[in-house]
Amino acid sequence: MNVELPFAPVDTIIRRNAGDLRVSADASKELATRIQEHGSELAIDAAEEATADGRKTLMAGDFGVERVVDKDDLELPVAPVDRIARLEIDDRYRVSMNARVALADILEDYADNVARAAAILARHADRRTITDDDIETYFSLFE
């Protein structure tokens, strides 16, 4: 699978949860892949919501979001999130700007939760670096 999300903002999200720990490039890549998979699944569900309402445009409410944050407050860039949203849905759907920002916000919260847990796992393993193994362990434990 081609990863649409740039690794730099994902690395920043991990680092803001890592404290004094280092972050491996593989950890950023693994989390970016997981974010993309999750975002694609959420878009499929949102497309089903839009279809049920007789629409072809995904709205923020289709993602369960009532209030959309300012996109400038997000670390994840909106354009790649838009591409993630479109990966597994039919081309007949459009994704509104508010839906893109809402999905980016959801995915950033998701990434923060994973990164926070990965930092705990790395410390528990008495390591100074968060690795892709920490990300994978999180998912094997909590999903």
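Quick notes on the rules
- Residues numbered from 1 in each chain as written.
- Predicted model: local features only at pLDDT ≥ 70, side-chain atom pairs only at ≥ 80, totals over all residues.
- Heavy atoms only, no water.
- UniProt positions renumbered as here; feature names shortened; annotations may be inferred.
- Core = buried A, V, L, I, M, F, W, Y, C linked by side-chain atoms within 4.5 Å.
- Buried < 20%, exposed > 50% of the residue type's maximum accessible area, 1.4 Å probe, protein only.
- Helix = DSSP H or I, 4+ residues; strand = E, 2+ residues; numbered from the N terminus.
- Contact = heavy atoms within 4.5 Å.
- Phe/Tyr/Trp six-rings, centres within 6.5 Å; stacked < 30°, edge-to-face > 60°.

- Identification of the chain as Histone H3/H4 from Natrinema salaciae is taken from an unreviewed UniProt entry.
- Taken directly from UniProt, the Sequence similarities (unreviewed entry) text for the chain runs: "Belongs to the archaeal histone HMF family."

### A closer look at the nonpolar core
Phase 1: Counting 47 residues, the largest nonpolar core has Val10, Ile14, Leu31, Ile35, Leu58 and Ile130 as its most contacted members.
Phase 2: Elements with a contribution of two residues or more to this core: α1 (7-18), α2 (25-52), α3 (78-86), α4 (97-124) and α5 (132-142).
Phase 3: At 15 residues, α4 tops the list of elements feeding residues into this core.
Phase 4: When residues no more than four places from it in sequence are discounted, the contact partners of Ile130 are Ile14, Ala18, Leu21, Arg22, Val23, Ser24, Ala27, Ala118, Ala119 and Ala122.

### So, the UniProt feature "domain: Transcription factor CBF/NF-Y/archaeal histone" (unreviewed entry) in the chain
Phase 1: Following the UniProt record, one finds the feature "domain: Transcription factor CBF/NF-Y/archaeal histone" (unreviewed entry) at residues 4-62 and 75-136.
Phase 2: For residues 4-62, helix accounts for 68% and strand for 7%, while the C-alpha atoms at its two ends are 22 Å apart.
Phase 3: Secondary structure across residues 75-136 divides into 68% helix and 6% strand, with the first and last C-alpha atoms of the span separated by 22 Å.

### Structural notes on the packing of aromatic side chains
Phase 1: Counted according to the given criterion, the structure contains 3 aromatic pairs.
Phase 2: A ring pair is formed by Tyr138 and Phe139, whose centres lie 5.0 Å apart and whose planes are at 85°; its orientation type is edge-to-face.
Phase 3: Look at Tyr138 and you get buried, because its relative accessible area is 16%.
Phase 4: Taking 5.1 Å as the distance between ring centres and 40° as the angle between the ring planes, the aromatic pair formed by Tyr138 and Phe142 counts as tilted. Of the two residues, Tyr138 and Phe142 both sit in helix α5, 4 residues apart, roughly one turn of that helix.
Phase 5: Put simply, the rings of Tyr110, Tyr138, Phe139 and Phe142 touch in pairs and so form one group of aromatic residues.

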